[in-house]
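Here is how the chains run, residue by residue.
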Amino acid sequence: MCGIVGYVGDKDCASLLVEGLRKLEYRGYDSAGLAVETSAGKVGVVRAVGKLANLDAALAKTPLSGKTGIGHTRWATHGRPSEANAHPHVAGNVAVVHNGIIENHVELRRGLEAAGVKFTSDTDTEIVAHLVHEEMGKKQGDFASSVRRALARLRGAYAIAIVCGDVPETILVAKNASPLVIGIGDGEMMAASDIPALLAHTRDVIFLEDGEMAVLEKKSATLSTLDGKPITRAPKRIDWSPAQAEKGGFKHFMLKEIFEQPRAIEDTLRGRIDVTAGEIVEEEIGVTATLAKKIARVYFVACGTSSHAAIAGRYWVEQLARIPATVEIGSEVRTREPVFGPGDLVVAVSQSGETADTLAAVRTAKAMGAHILAVANVLDSAIPRASDGALYTHAGPEIGVASTKCFTAQLAALLMLAVHLGRARGALSKEEARRILDALLAVPHAMRDALEEAEHVKNLARKYARARDMLFLGRGTGFPIALEGALKLKEISYIHAEGYAAGEMKHGPIALIDEEMPVVVVAPRDAHYEKTMSNLHEVRAREAQVIAVVSEGDKDVVGVDAIRVPVVEPEVLPLVTVIPLQLLSYFIADIKGTDVDQPRNLAKTVTVE
Ligand code: F6R
């Protein structure tokens, strides 16, 4: 998830582009850059690692003056954050900025290298610049048709803006599965990943759809499909306030991020699954098949929400790869005298990649000879750097302190890991792997269905917002979801909440249950359904009010406040059942008026012990 801006008009555009990027910094902030047409036929580029202040400083040293330009703020996915990997990427006098992931980048890069192209970065984006440059060199048709031919060779997700020195005062933008919006000004056109970057200049916008492109000139935006059919689309007027616009029209970042989950999962799965073969693309997963065969134990380390994803990861690794697995919270690893050794695969799960306790556990395990795999959302952060391999989630930056989309992206990554280990060790048949991978690819759709229950969940939140305590119960992979539901609620609404394995209830927590203690039961139709139902009835018998997360079509659950989730394969249930619990916490917190995005006493990245 990166931020793109573009401008063509009569104003000197460098500072205007940087201001636009500033409004998109929430989309990425590890490096940034501009490409501006500085004179006829010439495109100047300035880039800098780190936040936009560094780009400001670089532009103060090397000013770019011109009236057509593009800019980018990056959230690294391929290639560590560095100046060389910062956008724009250049080939000849073509400059490109890109948001998304090119799936077939390895084969395209090999092809271009074989033809003599020298790459200056590790990014997938540079390939696009070379392809467009190559097509422009053929001089067949105009700028748009050259770009069309280049894009036809790409698979994956992109929003792209391109300038070319040979075609002055023109920006070409194109979109497939990543957002791009055009701002229609008076004698000027802009483009951006998101509306906030445009609002200082115009409120009239055209949303580009997947498979479309546009040629932007000062006084025109000419839209067409990627196969060349002209499109006519009237602009829409946006009346959001700047604060609303930053959050995509949502009241809080957390709610926006809850709704971004289908996209976060699509991006995390993109280019990593070969359903026909029933396999995961090995280069993407951070563990080779050779190594997978040697693993004697998988040891997950993580903190907080990430430790809940790790519990689901443990269950999947045991079930699908038949490897003994365990989970431990990072702070306890550094407190004990743990025993690690060769044969251990330590999977460190951390969205920030910087959590001090998890990092310390990684260092301890590594020093004892374990092989370390980081599952992280921030490229090249401390934990991946200290590890032997990395499996990145591609959820994009998460602003809300309470993690939502990073959690489900971790679940998707860990399920892929378990399938990969199972296939490599012969524990999982091709047919079973295909069933699970098909189910995983269908998760974004199921999540969209689950999100449609938001209004119903909001009504339930009104009923339960005054609770003092709440209990969350679940079995199997429903157990980590119960833990996560309870953690979300306490973090943002400050209501005391506990998550328990449903089978553990009778060993203590049942003593707490009365009409004052609402109980949330994660009870989808899975192998544990009947047992979970028994627990639900035990709770009901003690007068507690029950909220039950149940499968669509389940008519057996009566006398409870049911929230329905779509029917999915059991392995992917946690990715779907967590959604109503995130929404419930969010709406309760909002009703209580707490600071949802920055709850008291909490920090997004915990770099202290
Ligand atoms: C809760 C939350 C925290 C983090 C924990 C570990 O919503 O976000 O519990 O999960 O602090 O952080 P990471 O995943 O960055 O290691």
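Anyway, here's the lowdown on the structure attached to this text. (Residues numbered from 1 in each chain as written. Predicted model: local features only at pLDDT ≥ 70, side-chain atom pairs only at ≥ 80, totals over all residues. Heavy atoms only, no water.)

1. Brief notes about the side chain of Asn 85
Following the sequence through the fold, Asn 85 ends up in the loop between strand E4 (68-74) and strand E5 (89-91). Discounting chain neighbours no more than four positions away, the residues touching Asn 85 are Arg 74, Gly 79, Arg 80, Ser 121, Asp 122 and Thr 123. (Helix = DSSP H or I, 4+ residues; strand = E, 2+ residues; numbered from the N terminus. Contact = heavy atoms within 4.5 Å.)

2. A word on the sheet that holds strand E3 (residues 42-49)
A sheet is described by the order of its strands in space; here eight strands give the open sequence E3-E2-E4-E1-E10-E9-E11-E15, paired in antiparallel fashion. Of all the strands in the sheet, the pair left with one neighbour each is E3 and strand E15 (236-237). Judged from the four bridges that link them, strand E1 (residues 3-8) and strand E10 (residues 189-192) form a sheet pairing that is antiparallel. Its bridge partner lying in E10, Val 5 is registered against Ala 192. Across the sheet, helix H1 (residues 14-22) lies against E1, strand E2 (31-39), E4 and E10, angled at about 150° from E1, the strand it touches most. (Pairing = 2+ DSSP bridges. Axes fitted to C-alpha atoms, helices over the stretch in contact; angles between N-to-C directions.)

3. Focus: the state of the cysteines
Applying the stated criterion across every chain yields a total of zero disulfides. Looking at Cys 13, it has no disulfide partner, and the nearest cysteine sulfur is the one in Cys 164, 16 Å off. (Disulfide = S-S within 2.5 Å.)

4. Overview of helix H5 (residues 143-151)
Where burial is concerned, most of H5 is hidden: eight out of the nine residues are buried. Phe 143, Ala 144, Ser 145, Ser 146, Val 147, Arg 148, Ala 150 and Leu 151 are the residues of H5 that are buried. Where the residues of H5 are buried, they touch helix H4 (125-137), strand E7 (156-164), strand E8 (171-176), strand E12 (212-217) and strand E13 (220-225). (Buried < 20%, exposed > 50% of the residue type's maximum accessible area, 1.4 Å probe, protein only.)

5. A word on the nonpolar core
Of all hydrophobic cores here, the largest spans 90 residues; its most connected members are Val 298, Val 347, Leu 421 and Leu 440. Counting 31 residues, the second-largest nonpolar core is a separate cluster that includes Val 18, Ala 58, Leu 198 and Val 205. (Core = buried A, V, L, I, M, F, W, Y, C linked by side-chain atoms within 4.5 Å.)

6. Some points on empty space enclosed by the protein
Counted under the stated rule, the structure contains one cavity of 30 Å³ or more. Empty space within the largest cavity amounts to approximately 80 Å³. Around the largest cavity, the lining comprises 13 residues; the ones closest to its centre are Cys 2, Thr 77, His 87, Gly 100 and Asp 124. In terms of residue class, the lining of the largest cavity is built from four nonpolar, seven polar and two charged. (1 Å grid on protein atoms, 1.4 Å probe; cavity = no way out; pocket = protein on both sides within 12 Å on 5 of 7 lines; lining within 4 Å. Points joined across faces, edges and corners; volume = space filled by probe spheres on them. Nonpolar A, V, L, I, M, F, W, Y, C, P; charged D, E, K, R; others polar.)

7. A few points about the site of the ligand
Taken together, 13 residues surround the ligand, and among them Ser 306, Ser 350, Ser 352, Thr 355 and Glu 491 come closest. With respect to the ligand, the side chain of Ser 306 contributes an N or O atom lying 2.5 Å from an oxygen atom. Computed on the free molecule, the ligand has an accessible area of 410 Å², of which 92% lies beneath the protein chains in the complex. Of all the secondary-structure elements, those providing two or more residues to the shell around the ligand are helix H10 (304-321) and helix H18 (478-493). Here the shell around the ligand gets three residues from one element, more than from any other, and that element is H10. Considering only residue class, the shell around the ligand consists of three nonpolar, eight polar and two charged. (Near = heavy atom within 4 Å. Polar contact = N/O pair within 3.5 Å; in protein donor to acceptor, adjacent residues only side chain to side chain. Areas by Shrake-Rupley, 256 points an atom, 1.4 Å probe, with all protein chains shown as cover.)

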